[in-house]
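The lines below spell out each chain.
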Amino acid sequence: ASPASAEADALAAILRDVRQIETVVLDLIELARPGDLRRVRVNLGTVLRDVLGHLSPQLAHRRIATTLDVAPDLPEVALDVDRFQRALLNVIGNASDAMPTGGHLVVRAAADAAAVTCTIDDDGEGIDPAIRHRLFAPFA
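Below is a summary of the structure that appears in this document. (Residues numbered from 1 in each chain as written. Predicted model: local features only at pLDDT ≥ 70, side-chain atom pairs only at ≥ 80, totals over all residues. Heavy atoms only, no water.)

**Overview of the overall build of the chain**
Reasoning step 1: Within the chain, the regular secondary structure consists of 3 helices and 5 strands.
Reasoning step 2: Listed N to C, the secondary structure of the chain is α-β-α-β-β-α-β-β in terms of helices and strands.
Reasoning step 3: Overall, the C-alpha framework of the chain stretches about 60 × 35 × 35 Å when taken along its three principal axes.
Reasoning step 4: For the chain, the residues scored as buried account for 21% of the 140 residues in total.
Reasoning step 5: Approximately 9800 Å² of the chain is accessible, and the part contributed by carbon and sulfur atoms is 57%.
Reasoning step 6: Charge centroids of the chain, computed over 14 positive and 20 negative side chains, lie 3 Å from each other. (Helix = DSSP H or I, 4+ residues; strand = E, 2+ residues; numbered from the N terminus. Buried < 20%, exposed > 50% of the residue type's maximum accessible area, 1.4 Å probe, protein only. Areas by Shrake-Rupley, 256 points an atom, 1.4 Å probe, with all protein chains shown as cover. Lys, Arg positive; Asp, Glu negative; His and termini not counted. Charge placed at Lys NZ, Arg CZ, Asp CG, Glu CD.)

Here it is in structure tokens:
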């Protein structure tokens, strides 16, 4: 590769990292000052399909197989779709990071008389016990 193309590749990588840092900072600011929720009634299965569809090239590249299991009788739920999608992207991104050599990711949506639930399971290495106490502490 020529020096110019190597510099262009390095610059592109830096710009990707800056965009990722910007996203993290904006998410942290929103966590500190969440503001009003913009809830709309949606089918959770549709939201999950959209997120997995968006991530499928990245997951395939990392050799992560995905399974989406959505109950056929799932009722609509009131969600702030943008925030929920960001949360899903973060959880699935963390699951992907926990499977550096590939693996399997299962996303399920189900309902019972009391609630609609979404579960995400992976066969990654898990969370380091030394940091578990900080999992839900903002800015920790």
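**Focus on the nonpolar core**
The nonpolar side chains of soluble globular proteins are, as a tendency, buried together.
Reasoning step 1: Counting residues in each nonpolar core, the largest one holds 22 residues, and the members touching the most others are Leu44, Leu59, Ile92 and Leu105.
Reasoning step 2: Looking at this core, the elements that each hand over two or more residues are helix H2 (44–61), strand E2 (64–70), strand E3 (77–79), helix H3 (81–97) and strand E4 (103–111).
Reasoning step 3: For this core, the element with the most residues is H2, which contributes 7 residues. (Core = buried A, V, L, I, M, F, W, Y, C linked by side-chain atoms within 4.5 Å.)

**Thoughts on the environment of Ala109**
Reasoning step 1: Within the secondary structure layout, Ala109 lies in strand E4.
Reasoning step 2: Judged by its relative accessible area of 2%, Ala109 is buried.
Reasoning step 3: Once residues lying within four places of it in the same chain are set aside, the contact partners of Ala109 are Leu44, Leu48, Asp69, Val70, Ala71, Leu74, Thr117 and Cys118. (Contact = heavy atoms within 4.5 Å.)

This is a description of form; function is not addressed.
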